[in-house]
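Fold and geometry: a report
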Amino acid sequence: ATAILAGELDAALVAEPIADAPFEKMFAFEEEPVIVSAAGHPPVGRKGKFPRTIIAFEHGCPHRARLENWYAKHGEMPERTIELGSYHAMLGCVVAGMGIALLPRSVLTTFPESKRLAVHRLPPGENRSRIVLIWRRNADSPNIAALREILSRTARKSVVT
């Protein structure tokens, strides 16, 4: 979002929530956020099993906020947060048993070591995340219009099937 406001990017796909004031946005798709741990890890969040360490992007990441809120909802708080800059780095740390992470399930399809992970689904009502296309307010362009059209066509096809 900062890169869009600075003019470095025309548009981006981001998970909600996102500030309304500086952006125009449109719904793009839904994804399923999941908690991942090293394979063999006991169920997360059940019977008081909340890992001490979470692995996440820096503050402001909606997935991090969702994981921190999930802990708080259960009266828990992680003791340590490891901040990293990529999903694959996060997943590498998870495989090594350093902590858990919350990320889109779709990311797992691009991770070659996904069989070394355990996937913990969130309960209904917490297991969907809206992804929106955002761009600077009053900064529409032919490229953004074309991307919006592609996303609209894709959404229409998935509804019709």
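Refer to the structure above for everything that follows.
Calculation criteria
Residues numbered from 1 in each chain as written. Predicted model: local features only at pLDDT ≥ 70, side-chain atom pairs only at ≥ 80, totals over all residues. Heavy atoms only, no water. Helix = DSSP H or I, 4+ residues; strand = E, 2+ residues; numbered from the N terminus. Buried < 20%, exposed > 50% of the residue type's maximum accessible area, 1.4 Å probe, protein only. Core = buried A, V, L, I, M, F, W, Y, C linked by side-chain atoms within 4.5 Å. Contact = heavy atoms within 4.5 Å. Pairing = 2+ DSSP bridges. Axes fitted to C-alpha atoms, helices over the stretch in contact; angles between N-to-C directions. Salt bridge = Lys/Arg side-chain N within 4 Å of Asp/Glu carboxyl O. 1 Å grid on protein atoms, 1.4 Å probe; cavity = no way out; pocket = protein on both sides within 12 Å on 5 of 7 lines; lining within 4 Å. Points joined across faces, edges and corners; volume = space filled by probe spheres on them. Nonpolar A, V, L, I, M, F, W, Y, C, P; charged D, E, K, R; others polar.

**Comments concerning unusual backbone geometry**
- Note that the residue after Glu16, namely Pro17, is joined by a cis bond; omega there is 10°.
- Tracing the backbone through its elements, the reader meets Pro17 in the loop between β1 (11–15) and β2 (23–31).
- In this structure, Asn138 takes a positive phi of about 65° despite not being glycine.
- Along the chain, Asn138 turns up in the loop between β8 (129–136) and α4 (142–160).
- Judged by its relative accessible area of 73%, Asn138 falls in the exposed class.

**Observations regarding the nonpolar core**
- Formed by 17 residues in total, the largest nonpolar core has its most connected members in Val36, Ile55, Leu91, Ala101, Leu103, Leu108 and Leu117.
- Of all elements in the fold, only β3 (33–38), α3 (87–95) and β6 (101–104) reach the threshold of two or more residues within this core.
- With five residues, α3 is the largest single contributor of residues to this core.
- With sequence-adjacent residues up to four places away left out, Ala101 is seen in contact with Val34, Ile35, Val36, Ile55, Leu67, Met90 and Val94.
- Core analysis: the next-biggest nonpolar cluster, separate from the first, contains ten residues, Leu67, Trp70, Leu102 and Leu122 among them.

**Digging into the sheet that holds β6**
- Pairing is antiparallel across the open sheet formed by three strands, whose spatial order is β6-β3-β7. Strand pairing shows two members of the sheet lacking a second neighbour, β6 and β7 (117–121), which therefore form its edges. For this sheet, the mean inter-axis angle between neighbouring strands, taken without regard to orientation, is 40°.
- Bridge count between β3 and β7: five bridges; the pairing is antiparallel. Counterpart to Val34 in the pairing with β7 is Arg121.

**Points about the pattern of salt bridges**
- Throughout the structure, instances matching the rule amount to twelve salt bridges.
- For Glu79, the salt bridge goes to Arg52, with nearest N and O atoms at 3.9 Å. Placement of the pair is Glu79 in the loop between α2 (62–73) and β5 (80–83) and Arg52 in the loop between β3 and β4 (53–56), with a sequence separation of 27 residues.
- Classification of Arg52 as exposed rests on a relative accessible area of 59%.
- Across the pair Lys73 and Glu126 runs a salt bridge whose closest N-O atoms are separated by 2.4 Å. Here the residue Lys73 occupies a position in helix α2, and Glu126 occupies one in the loop between β7 and β8, the gap between them amounting to 53 residues.
- Each of the salt bridges in this network shares a partner with another, and the network as a whole consists of Glu16, Lys25 and Arg130.

**Points about the environment of Phe27**
- Take Phe27: it is sitting in strand β2.
- Using a relative accessible area of 35% as the deciding quantity, one classes Phe27 as partly exposed.
- C-alpha of Phe27 to C-alpha of Val95: the two residues are 68 residues apart in sequence and 33 Å apart in space.
- With near-sequence residues (within four places) excluded, Phe27 lies in contact with Arg130, Ile131 and Val132.

**A look at the layout of surface pockets**
- Of the volumes computed, that of the largest pocket is approximately 570 Å³.
- If you go around the largest pocket, you meet 21 residues; those closest to its centre are Val14, Ala15, Gly60, Cys61 and Pro62.
- Looking at the lining of the largest pocket, the elements with two or more residues in it are α1 (2–5), β1 and α2.
- Take the lining of the largest pocket: its biggest share by element is three residues, from β1.
- A breakdown of the residues in the lining of the largest pocket according to their chemical character gives 14 nonpolar, five polar and two charged.

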